[in-house]
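Breakdown of the fold
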Amino acid sequence: MNKVLFITYDFHEEYKPPKSIAVATLESYINEFCSIDFVDHHSFNMNDESNIMFKQTSDLLKLLETEYDFICISLYSWSTRFIDRILDIIRDTQKNVKVIAGGYEVNTSNIDTLIKRYEDIDHFIIGYAETALAALINMQETLKIIDIKVENNMIPQIYENRIIGVCTESIVRLETKRGCPYNCSFCSYKNNDHNKCTTHNFIKVKKELNYLNQIGVRKVNVLDPIFTIDNYLELLEYLIVIDFKPVISFQVKFELFHGLLIKSSMLLPYLKKLNVILEFGLQTISKIALDNVERIHDLEKVSDVIARLNADDIEYEVSIIRGLPGETIESYIELLEYLKTSKCRNIVAFPLTILSNTELDNKRDELGIKTINHNGLEYIYESYSFNYKDYLSMIREENALIAKKILL
Ligand code: SF4
């Protein structure tokens, strides 16, 4: 029997369970395929940063009075600065533990550098980790670097089997598929096995949705980068059959969605029957900024989709990014004007953060990118096309829309 501890660094939010989908999925998988005594989880709250090194680590120390067989640590750009301390504590408190690391930094960094940098880490898992972790626990694998393809069909539920506990107040996340075929250069999602789209077992997804509906959770955020791939119509149909009441959000792409509106006469009627929020990522309309992040848009299709959603009263949000290299204050105003003219009802503006080893990160000098680090995330406030003052003016332009309740 094995005792397993997950140590992760998460941004806790009210109503959202602190256990991430990634940890829950791993826990559910190893419970099913390994001989497990128990699994513990210590989630550091990145939104309480001043306590991470103190109260939060002292809580971890209490947990480390247990002798674990495996400790799994997530390596993300916002958490790497804490890892050395954690490894010291693990070395001081644990005798025979195997330390395993996974996460974005493992997927994207030079693995030899990581091995030299973190001598106390026994194994590094690249990509989706379920099968690799089970293989390590079952001692079928002993390699330092492990990369094993995961069969989504094998991943058990995480809600119906109470790996994540929920109540009527909960805002939860759910994966129905993995992978994204696109290639945006600021994105941290698309690496290794993430480019290929694979669906989860449909019966499992249905069971999870049915359970969440019975509990009556407040909201389900579907995490699929592009929801409208593969079995999305069947899934919408199922939600209608079970009279799904919670708000449910899907991430969609304008151009793809436009094509589906032409192909499927049922898409809008289905969406109308549910409490959906469609989340579209427009990011920018500046041709130069789009080229810099390897995206394209067809604005006629964007406007058409917005008009049709407005006509059918289907809720949606359009996200834009402030601080893309190539954007100027003029082009940003043009973007906001475009959305106003298109009668876009809800806009969400995100500041651009830069993640290590993304294509954008590699082009920092070329694009004149300047950043400020806040809570482990690097925010771009200047690039070759806008200075800090322009950036602040972009925020002021947003404020006018916030006052009109168009920008959330
Ligand atoms: S569409 Fe979304 S998930 Fe896919 S690469 Fe672009 S930002 Fe990443």
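**Description of the domain arrangement of the protein chain**
In terms of domain boundaries, the protein chain breaks down into domain 1 (2-152) and domain 2 (166-403). Here the C-alpha centroids of domain 1 and domain 2 sit 29 Å apart. With 20 residues of domain 1 in contact, the opposing surface of domain 2 contributes 24 residues. In terms of residue count, helix α4 (residues 104-108) provides more of the side of domain 1 that touches domain 2 than any other element does, 4 residues in total. The class makeup of the residues in the side of domain 1 that touches domain 2 is 8 nonpolar, 7 polar and 5 charged.

**Focus on the pairing of strand β4 (residues 98-102)**
Regular strands place side chains that alternate from one sheet face to the opposite one. When you tally the buried positions in β4, you get 4 out of 5 residues, the bulk of the element. Across 5 bridges, strand β3 (residues 70-74) lies against β4 in parallel orientation. Looking at β4, one finds that I73 is bridged to A101. Each parallel crossover has a hand, and for β3 linked through helix α3 (residues 80-93) to β4 it is right-handed. Strand direction decides the pairing type here: β4 and strand β5 (residues 123-125), joined by 2 bridges, are parallel. Considered in β5, the bridge of A101 is made with F124.

**Quick notes on the nonpolar core**
With 106 residues, the main nonpolar core has I71, I73 and L133 as its most contacted residues. A domain split of this core shows at least three residues from each of domain 1 (2-152) and domain 2 (166-403). Residue contacts for L133: discarding those within four places in its chain leaves L26, I30, C72, I100 and I125.

Thresholds, definitions, all that
- Residues numbered from 1 in each chain as written.
- Predicted model: local features only at pLDDT ≥ 70, side-chain atom pairs only at ≥ 80, totals over all residues.
- Domains from an automatic or database assignment.
- Contact = placed C-beta atoms within 7 Å.
- Helix = DSSP H or I, 4+ residues; strand = E, 2+ residues; numbered from the N terminus.
- Nonpolar A, V, L, I, M, F, W, Y, C, P; charged D, E, K, R; others polar.
- Buried ≥ 20, exposed ≤ 12 C-beta atoms within 10 Å, placed from the backbone.
- Pairing = 2+ DSSP bridges.
- Right-handed = clockwise from strand over helix to strand, strands pointing away.
- Core = buried A, V, L, I, M, F, W, Y, C linked by C-beta atoms within 7 Å.

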